[in-house]
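Observations on chain architecture
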Amino acid sequence: MSAREVAVLLLWLSCCGSALWRYSTNSPNYRIFSTRSTIKLEYEGTLFTEWSVPETCFVLNKSSPTTELRCSSPGVHAIKPIVTGPDEEERYLFVESSHTCFLWYYRARHFLNNLTQLITVWAYDPESADPDELLGNAEEPSINSIVLSTQMATLGQKPVIHTILKRKVYSSNEKMRRGTWRIVVPMAKDDALKEIRGNQVTFQDCFIADFLILLTFPLLTIPEIPGYLPISSPRGSQLMASWDACVVASAVLVTDMETFHTTDSFKSWTRIRVPPDILSDDERRSVAHVILLRDGIVFLINGVLYVRSFHGFIRLGGIINLPDGGITGISSRKWCWINYLLKAKGRRSTLAVWTENEIYLGSILLKFARLVTTTELKNILSLSVTATLTIDRVEYTGHPLEIAVFLNYCTVCTVTKKIFLVIYNEDTKQWVSQDFTLDAPIDSVTMPHFTFSALPGLLLWNKHSIYYCYHNFTFTGILQTPAGHGNLSMLSNDSIIHEVFIDYYGAILVKMENNVIFYSKINTRDAVKLHLWTNYTTRAFIFLSTSGQTYFLYALDDGTIQIQDYPLRLEAQSIAFTTKDKCPYMAFHNSVAHVFYFLDKGEALTVWTQIVYPENTGLYVIVESYGPKILQESHEISFEAAFGYCTKTLTLTFYQNVDYERISDYFETQHNHTGLVLVQFRPSEYSKACPIAQKVFQIAVGCDDKKFIAIKGFSKKGCHHHDFSYVIEKSYLRHQPSKNLRVRYIWGEYGCPLRLDFTEKFQPVVQLFDDNGYVKDVEANFIVWEIHGRDDYSFNNTMAQSGCLHEAQTWKSMIELNKHLPLEEVWGPENYKHCFSYAIGKPGDLNQPYEIINSSNGNHIFWPMGHSGMYVFRVKILDPNYSFCNLTAMFAIETFGLIPSPSVYLVASFLFVLMLLFFTILVLSYFRYMRIYRRYIYEPLHKPQRKLQAIKNGRSQAR
């Protein structure tokens, strides 16, 4: 917020309830809170006298309600305002001695023509930055930031962008421009979380802090259309909100005056309006629930669903397989799992809709299908037909493929009811009843929220209390305060619970309607009351920012909204210091670099986790997993003690030990040994004072659809693509057709052909790739076949030369065994049998060609000597223990080197003509030379000149 906006907000807050005080810094999200920071103190109220601060801190104006504070020494500093009345709360601020003084600033430009983003980055000092930089509105660096960035670049600073999920790195290839670096990154839906990092370069003994950012495809807010009317919740109701689980900056807020939509954590926003001719005035003010989806904003109004999108405002009902009325609730996913393994065909749902007796699931493009009815659930769960069963709530769990259904069950439904829980898996299509039962008044309303954990964990609350269920519903109870109260309303002036906020690190915030906040951690039994941050009468909501920090959003009476960062870590530290709550361990580390791992056949995952704790406390790390029992684990523990502290390191290896060769049902066995397993590391003991309480990640066992193979040296680029066809003579085809086969060459599928002399043998080198590029050369067995049916090629190795002890599988034998299957399915890992054992197969003829290739057996393809041709091959991995994927690739080879052989008749005719010509010339030559010979027998070669002259004269006279 700008200075004017802050002043307006403080003035508005100060006149609307009891006094309180807060603090802030120039550093966004309180990322830097050190001896170098200027701490701004703000008191709201009319009883202020002066500030009470320790001697090591300096206050700019001690008697001003709004002033600045600097603490020259690090540590815990007690700060409070002195007032003419009851004492105000004292905070204990943890001021660090940090060498991190500077921050990264970025601006992003989107280029849809090539799906890239240009990120302009510079460094800035929050203590000397321009207001626009502090508010995140700057389009270019300030003079101070230009000087700082240029100086840092001179010292060797150069920022790079690291992606969190796929671990890719992007850097600038350009020279610095006016104090900025420019980095080009591709747009990515599944790798949007990124971090700007710099080199370890200091300026004035100060480093630049890494900066977590979220870069997605450009998101747009729904525009306001003139003439459209506001849509809101009932007058006097509390705020309600929804956000995209994977893009938390995209959110929607519903107040009793307006509905607001943002894509940048409410730094900017638009009002959502609807056409005047669809809803009545009462309906427009009756929003009961709201969900933000990629397809639009879904509103629940009087039992009917409506969606507001860029395409308009429409009512959802029978046209998309939803009820036209009677809908009691809607729910969406709370936790982001970018990657997951879905074995069944189809898509997982994004929205759950329910009535009292039916549940519907919706996926992208608002496609809905009915999941189950209460009548069907009675049969599935073997419940009494005469009992009353209704759907209380439907909630998505922390597992990416599971949905929890809370059911109301009673036989005489007058006073109490039982709430029990079943979980549905969208992949296996199975319903599992959980060990969870809760007795509640018949008219009670409970709200659930699942935690981010491997084992199912749940918070369930009514107006006054929080009921917790951790460790797969084995650790249960009511959240208690230090005074022993389970009723939080008793400690918040009889206010009721408005919002329960849970983050990815296990922090729990319970916000009451009067803005009193209670703080807890998952897997703990108690909660503490935090310092008052917002006035009792202010309508507020807690959101999560893209950097993982919390902020407050305030709805003002003039129909606008304001945001304010909330220092959860500092506030929790202050309360922990007051209550003398200490974290039992010093450090909790692990080597888990990703939140999602894929394990294929033969692969293993090794990770470690480490805990450092004081001696004689006996802490250790607990490993929990949830999902199908398809992985084996090996554990190794190392222990070290020094200087009064113990370090315990646990190394785990996850793997499979299954031989998929020679099993009766290959595909069924594969299916039973694939699935999704959630794993969690957590200390055996921790408290609310611990910063990180867990580490959760997924291990997917199965086929990674981003994995593929290719043949080394072949590409679809680098050659001239021209349309052509060729003819394969019928005698060269495996199935011996009656006519020659004409084939059109498909460049996009076959790629560029490799030209080989017919004398060259060829062995394909198969390479494995994934979405990050080349992985390794494939060493497993594979087979090749010509896709158009050619069999005029062979292999140089025989079965005997390859070491076979009995006749190996060949294309001929496999086709004979599987005549009902197409050529590409007759032979594969599902029916592969090796030939290196006497116990399998028959001796047979071992002089036949061995048609299986791998990288080390020296088996090559060789070509016929009598003709050239075009061959299009497909490769398939044959080893059943290599991959869950059906890995295939295509390549083309053109052979050359011989003139095509003519027919026998043409050769005979040519030879006859040649011989006839030869003998004719021979005979003519004989008579010619005989004539010459006779002539010179009777006529001397040399006659006297006189005689010759007389003869000539005589001839002349005779004439």
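The model shown is predicted, which means the values in this text are computed figures rather than measured ones.

Along its length, the chain carries 11 helices and 63 strands. Computed over C-alpha atoms, the radius of gyration of the chain comes to 40 Å, more than 25% over the 30 Å expected from 2.2 N^0.38 for 959 residues, which places it beyond the range of a compact globule. Considering only C-alpha atoms, the chain reaches an extent of 170 × 80 × 75 Å along its principal axes. Going through the 959 residues of the chain one by one, you find that 50% of them count as buried. Accessible surface for the chain amounts to roughly 46900 Å². Of this, 54% is attributable to carbon and sulfur atoms. Counting 90 positive and 92 negative side-chain charges, the chain places the centres of these two groups 14 Å from one another.

Extensive coverage of strand β22 (residues 287-293) is indicated by the burial of 5 of its 7 residues. In this structure, the hairpin formed by β22 and strand β23 (residues 296-301) is closed by a connection of 2 residues.

In this section: empty space enclosed by the protein. Summed over all chains, the structure comprises 6 cavities of 30 Å³ or more. Its boundaries defined by the atoms lining it, the largest cavity holds a volume of some 60 Å³. When its residues are assigned to classes, the lining of the largest cavity shows 3 nonpolar, 6 polar and 1 charged.

Next up on the list: the packing of aromatic side chains. A full pass over the atoms with the stated rule returns 62 aromatic pairs. Judged by centre distance (5.9 Å) and plane angle (55°), the rings of tyrosine 23 and phenylalanine 33 are tilted. Of this pair, tyrosine 23 sits in strand β1 (residues 20-24) while phenylalanine 33 sits in the loop between β1 and β2 (39-44), placing them 10 residues apart in sequence. A single burial state applies to tyrosine 23 and to phenylalanine 33, both of which are buried. Taking the centre distance of 5.5 Å and the plane angle of 5° together, the rings of tyrosine 306 and phenylalanine 313 count as stacked. Classification of tyrosine 306 by relative accessible area gives buried; the value is 4%. Linked through ring pairs, Trp21, Tyr23, Tyr30, Phe33, Tyr43, Phe48, Trp51, Trp533, Phe552, Tyr554 and Tyr566 together constitute an aromatic cluster. Looking at lysine 601, its charged tip hangs above the ring of phenylalanine 884, at a distance of 5.2 Å from the centre. Lying over the aromatic face of tyrosine 871, arginine 790 brings its terminal NZ or CZ to 4.2 Å of the ring centre.

Moving on, we get to the environment of histidine 722. Residue placement: histidine 722 occurs in the loop between β53 (708-711) and β54 (725-728). Classification of histidine 722 as partly exposed rests on a relative accessible area of 38%. In this structure, the C-alpha to C-alpha distance between histidine 722 and tryptophan 747, residues 25 residues apart in sequence, is 8.2 Å. One polar contact links the side chain of histidine 722 to the main-chain carbonyl oxygen of histidine 720, over a distance of 3.3 Å.

This model, assessed by the stated rule, comprises 32 salt bridges. Lysine 707 serves as the salt-bridge partner of glutamate 603, at 3.7 Å between the closest nitrogen and oxygen. On the criterion of sequence distance, the pair formed by glutamate 603 in the loop between β46 (596-599) and β47 (604-614) and lysine 707 in the loop between β52 (695-701) and β53 is long-range, its members being 104 residues apart. Overall, the relative accessible area of 32% leaves glutamate 603 in the partly exposed class. One connected set of salt bridges, linked through shared partners, spans Arg22, Glu42 and Glu44.

Before going further, it helps to examine the sheet that holds strand β15 (residues 211-214). Strand pairs in the sheet, formed through backbone hydrogen bonds, run parallel or antiparallel to each other. The strand order across the open sheet built from 4 strands is β11-β10-β13-β15, with neighbouring strands paired in antiparallel fashion. Whereas interior strands pair on both sides, the edge strands pair on one side only; in this sheet they are β11 (169-171) and β15. When the angles between neighbouring strand axes are averaged without regard to direction, this sheet yields 25°. Here strand β13 (residues 193-197) runs beside β15; their pairing, made up of 4 bridges, is antiparallel. When the bridges of β15 are listed, glutamate 195 appears paired with leucine 212.

Here the focus is the sheet that holds β22. Overall, antiparallel pairing links the 4 strands, which are arranged β22-β23-β24-β25 in an open sheet. Among the strands making up the open sheet, the edge pair consists of β22 and β25 (312-316). The mean inter-strand angle of the sheet, taken between neighbouring strand axes irrespective of direction, is 20°. Relative to strand β24 (residues 304-309), β23 runs antiparallel, the two sharing 5 bridges. By the bridge assignment, leucine 300 is partnered in β24 with leucine 305.

The subject of this paragraph is the state of the cysteines. Here the structure, examined in full by the defined rule, presents 8 disulfides. At a sulfur-sulfur separation of 2.0 Å, the disulfide partner of cysteine 703 is cysteine 885. Because the sign of the S-S torsion sets the handedness, a value of about 110° for the bond joining cysteine 703 and cysteine 885 places this disulfide among the right-handed ones. Linking cysteine 703 in the loop between β52 and β53 with cysteine 885 in the loop between β62 (869-877) and β63 (888-896), this pair joins segments that are 182 residues apart in sequence. Accessibility expressed as a relative area gives 32% for cysteine 703, which makes it partly exposed. Since its relative accessible area comes to 12%, cysteine 885 is described here as buried. Sulfur of cysteine 646: no disulfide; nearest cysteine sulfur belongs to cysteine 583 and is 15 Å away.

Of note, serine 495 is situated in the loop between β37 (475-478) and β38 (497-502). Beyond its immediate chain neighbours, meaning those up to four positions away, serine 495 contacts Ser489, Met512, Glu513 and Asn514.

Checked against the element boundaries, serine 664 lands in the loop between β50 (645-655) and α7 (666-672). Classification of serine 664 by relative accessible area gives exposed; the value is 86%. Sequence separation between serine 664 and asparagine 831 is 167 residues; the distance between their C-alpha atoms is 9.2 Å.

Phi is positive for asparagine 472, which is not a glycine, with a value near 60°. In this structure, asparagine 472 sits in the loop between β36 (466-470) and β37. Although it is not a glycine, aspartate 494 sits at a positive phi angle of roughly 65°. Note that aspartate 494 resides in the loop between β37 and β38.

Here 4 bridges tie strand β10 (residues 160-163) to β13, and the two strands are oriented antiparallel to one another. Residue pairing across strands places isoleucine 161 opposite isoleucine 196, the latter belonging to β13.

Right, let's get into helix α3 (residues 143-154). Taking 1.5 Å per residue as the helical rise, α3 with its 12 residues ought to reach 16 Å, and the 17 Å between its terminal C-alpha atoms agrees with that figure. Those residues of α3 lying buried are Ser145, Ile146, Leu148, Ser149 and Met152. The arc that holds the buried residues of α3, viewed along the axis, is 165°, so those residues lie on one side. Summarising the geometry of α3, the exposed residues directed more than 90 degrees from the buried face are Ile143, Val147 and Thr154. Where α3 is buried, its residues contact β8 (100-111), β9 (116-124), α2 (131-135), β12 (181-186) and β14 (207-208). Downstream of α3 by a residue or two, glycine 156 has a phi angle that is positive, lying close to 110°.

So, about helix α6 (residues 568-579). The end-to-end C-alpha distance of α6, which contains 12 residues, comes to 16 Å, matching closely the 16 Å that a straight helix rising 1.5 Å per residue would cover. Burial in α6 covers these residues: Leu568, Leu570, Glu571, Ala572, Ser574, Ile575 and Ala576. Following α6 by one or two positions, lysine 580 adopts a phi angle in the positive range, close to 55°.

Okay, a nonpolar patch on the surface next. On the surface, a cluster of nonpolar side chains totalling about 380 Å² of accessible area is made up of Val907, Phe910, Leu911 and Leu914. Along the chain, leucine 914 falls in helix α10 (residues 904-938). Residue classification places leucine 914 among the partly exposed residues on the basis of a relative accessible area of 47%.

Here we take up the confidence of the model for the chain. Residues of the chain with pLDDT of at least 70 account for 95%, and the chain-wide mean is 90. Contacts of residues 6-17 to residues separated by more than four positions or lying in other chains number 23 contacts, the stretch itself having pLDDT below 50.

Turning our eyes to something else, we now look at the side chain of lysine 707. A relative accessible area of 15% places lysine 707 in the buried class. Within the local environment of lysine 707, its side chain forms a polar contact with the side chain of aspartate 600, the two groups lying 2.8 Å apart. With residues near it in sequence (within four places) discarded, lysine 707 still touches Asp600, Glu603, Leu768, Phe769, Asp770 and Leu887.

Reading guide: rules and limits
- Residues numbered from 1 in each chain as written.
- Predicted model: local features only at pLDDT ≥ 70, side-chain atom pairs only at ≥ 80, totals over all residues.
- Heavy atoms only, no water.
- Helix = DSSP H or I, 4+ residues; strand = E, 2+ residues; numbered from the N terminus.
- Rg over C-alpha atoms; globule rule 2.2 N^0.38 Å.
- Buried < 20%, exposed > 50% of the residue type's maximum accessible area, 1.4 Å probe, protein only.
- Areas by Shrake-Rupley, 256 points an atom, 1.4 Å probe, with all protein chains shown as cover.
- Lys, Arg positive; Asp, Glu negative; His and termini not counted.
- Charge placed at Lys NZ, Arg CZ, Asp CG, Glu CD.
- Pairing = 2+ DSSP bridges.
- 1 Å grid on protein atoms, 1.4 Å probe; cavity = no way out; pocket = protein on both sides within 12 Å on 5 of 7 lines; lining within 4 Å.
- Points joined across faces, edges and corners; volume = space filled by probe spheres on them.
- Nonpolar A, V, L, I, M, F, W, Y, C, P; charged D, E, K, R; others polar.
- Phe/Tyr/Trp six-rings, centres within 6.5 Å; stacked < 30°, edge-to-face > 60°.
- Lys NZ or Arg CZ within 6 Å of the ring centre and 35° of its normal.
- Polar contact = N/O pair within 3.5 Å; in protein donor to acceptor, adjacent residues only side chain to side chain.
- Salt bridge = Lys/Arg side-chain N within 4 Å of Asp/Glu carboxyl O.
- Axes fitted to C-alpha atoms, helices over the stretch in contact; angles between N-to-C directions.
- Disulfide = S-S within 2.5 Å.
- Contact = heavy atoms within 4.5 Å.
- Expected span 1.5 Å × (residues − 1).
- Arc of directions from axis to C-beta.
- Patch = residues over 30% accessible without salt bridge, like charges linked within 9 Å, V, L, I, M, F, W, Y side chains within 5 Å.
- pLDDT = per-residue confidence, 0-100.

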